[in-house]
Amino acid sequence: MGRGIAAPLWLAVVVALATAARGDGAQPAGNVAPDPWSRDRAMIENLAREISQDGIMAVAPHAAELEAALAGAKQSIALADSRNIYLASGATDTLAQMALAMSKGKSATAVPDPYALIAMDLGVYYDEVKRPEDALRVLDLGLALASDLSDMRTPLTIERGAALMGLKRWDEVVANEDAGLKLAVIEIPAKATLYRGRGYALTELNRLDEAEDAYKESLNLEPGNELATHELAYIHGLKLGAPRAPGGLKPLAPPAEGRQPQETPAPSTDRPDRTL
């Protein structure tokens, strides 16, 4: 029987569209080729619709194209910056970018950033097909590109924990979850997820008291969470001398119906399972 039952997927990671006027050449007119960030945004929105219908495996035929877009992200961001265009993820990031521009006496436009979303799609896909090294690589790229106030930092960090779990790098999982808990933009469900990831890794490290504390913290945030409850029971059994169960990750569940095109795949850290 399974040691733990995964909680419902953590959904609704939405990138807010900028409300600023789209002057300053945000999108070339006529027959001029689209700006790279506009082209890449359209690609990721189309992919989101495919994921909502077919699940995360819809990424497979687009992986090379997504990798190419991510590889060119730095150049795309630099080009946007040269035109006083800021790529932002979420309302907080957008307001911060615009305030910074105003403090410098600039007239600037904020547009949605596609690159953290691309990293997220690839990261979830690679974790799902058991390629955690590739997941870690693209997620680290996404985190390096995202601002400190980006709404994407939290889901990228959570998915990064899943990649590290897949590699069984438990000390790094703990460090990753701790970093996630210190992020400026974090909501209660994400915080609870990070505590559960922390507890799982600490259990693997046989730091059972700390693991127990982490799961209890998660239950303070999300009372009755089934995964945390099962893991606490497992830890209690270990303390009484019960044998350990092998660890692993459950497959990603199908996406919820009605997912909007601007949403990302759910971070997969809350899928740990140990089969007895």
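Look up a bit, the structure's there.
All values reported here derive from a predicted model rather than from experimental measurement.

## Quick word on the overall build of the protein
Alright, step 1. Looking only at helices and strands, one finds 11 helices and four strands in the protein.
Alright, step 2. The contacts of the protein with a sequence gap of at least 6 include a subset with a gap of at least 24, amounting to 72%.
Alright, step 3. Split by element, the accessible area of the protein, about 12,400 Å² in all, is 56% carbon and sulfur.

## Quick notes on the packing of aromatic side chains
Alright, step 1. Under the definition given, this model contains two aromatic pairs.
Alright, step 2. For the ring pair Tyr 125 and Tyr 126, a centre distance of 5.5 Å and an interplane angle of 45° mean the geometry is tilted. Here Tyr 125 matches Tyr 126 in class, with each residue buried.
Alright, step 3. Taking the centre distance of 6.0 Å and the plane angle of 55° together, the rings of Trp 170 and Tyr 200 count as tilted. Taken together, the residues span a long stretch of sequence, with Trp 170 in helix α8 (residues 170-181) and Tyr 200 in helix α9 (residues 188-204) at a distance of 30 residues.
Alright, step 4. Residue Tyr 200 is classed as buried on the basis of its relative accessible area, which comes to 1%.

## Quick look at the side chain of Asp 35
Alright, step 1. Along the chain, Asp 35 falls in the segment before α1 (36-54).
Alright, step 2. In this structure the side chain of Asp 35 is engaged in a polar contact, spanning 2.6 Å, whose partner is the side chain of Arg 83.

## Some remarks on the packing of α1 against helix α2 (residues 63-71)
Alright, step 1. For the pair α1 and α2, the least separation of the axes is 11 Å and the interaxial angle reads 145°. In the packing of α1 onto α2, the handedness of the crossing is left-handed. Note on element contacts: α2 touches α1 through Glu 65, Leu 66 and Ala 69, opposite Asp 40, Met 43, Ile 44 and Leu 47.
Alright, step 2. For the contact of α1 with α2, the class distribution of residues is five nonpolar, no polar and two charged.

## Side note on the nonpolar core
Side chains of a nonpolar character, in soluble globular proteins, are inclined to be buried together.
Alright, step 1. In this structure, Val 59, Leu 66, Ile 118, Leu 122 and Leu 156 are the most contacted members of the largest nonpolar core, which totals 53 residues.
Alright, step 2. If one sorts the elements of this core by residue count, helix α5 (residues 115-128) sits on top with 10 residues.
Alright, step 3. Contacts of Leu 156, omitting those with residues within four sequence positions, involve Ala 116, Ala 119, Met 120, Leu 139, Gly 142 and Leu 143.
Alright, step 4. Of all hydrophobic cores here, the second largest spans five residues; its members include Ile 158, Leu 181, Leu 194 and Tyr 195.

## A word on the environment of Met 120
Alright, step 1. Position of Met 120 relative to the elements: it lies in helix α5.
Alright, step 2. Accessibility expressed as a relative area gives 0% for Met 120, which makes it buried.

## Some remarks on the pattern of salt bridges
Two side chains with opposite charge may pair up if their charged atoms get near one another.
Alright, step 1. Counting across every chain of the model gives 13 salt bridges.
Alright, step 2. When salt bridges with common partners are traced through the structure, they connect Glu 67, Arg 131, Asp 134 and Arg 137 into a single cluster.

## With respect to the packing of helix α7 (residues 153-166) against α8
Alright, step 1. Where α7 contacts α8, the two axes come as close as 9 Å, and the packing angle between them is 175°. Between α7 and α8, the crossing angle belongs to the class labelled roughly antiparallel. Facing Thr 157, Arg 160, Gly 161, Leu 164 and Met 165 of α7, the residues of α8 in contact are Trp 170, Glu 172, Val 173, Asn 176, Glu 177 and Gly 180.

Parameters and conventions
- Residues numbered from 1 in each chain as written.
- Predicted model: local features only at pLDDT ≥ 70, side-chain atom pairs only at ≥ 80, totals over all residues.
- Heavy atoms only, no water.
- Helix = DSSP H or I, 4+ residues; strand = E, 2+ residues; numbered from the N terminus.
- Contact = heavy atoms within 4.5 Å.
- Areas by Shrake-Rupley, 256 points an atom, 1.4 Å probe, with all protein chains shown as cover.
- Phe/Tyr/Trp six-rings, centres within 6.5 Å; stacked < 30°, edge-to-face > 60°.
- Buried < 20%, exposed > 50% of the residue type's maximum accessible area, 1.4 Å probe, protein only.
- Polar contact = N/O pair within 3.5 Å; in protein donor to acceptor, adjacent residues only side chain to side chain.
- Axes fitted to C-alpha atoms, helices over the stretch in contact; angles between N-to-C directions.
- Left-handed = near helix turned anticlockwise from the far one by under 90°.
- Nonpolar A, V, L, I, M, F, W, Y, C, P; charged D, E, K, R; others polar.
- Core = buried A, V, L, I, M, F, W, Y, C linked by side-chain atoms within 4.5 Å.
- Salt bridge = Lys/Arg side-chain N within 4 Å of Asp/Glu carboxyl O.
- Parallel < 35°, antiparallel > 145°, perpendicular 65-115°, else oblique.

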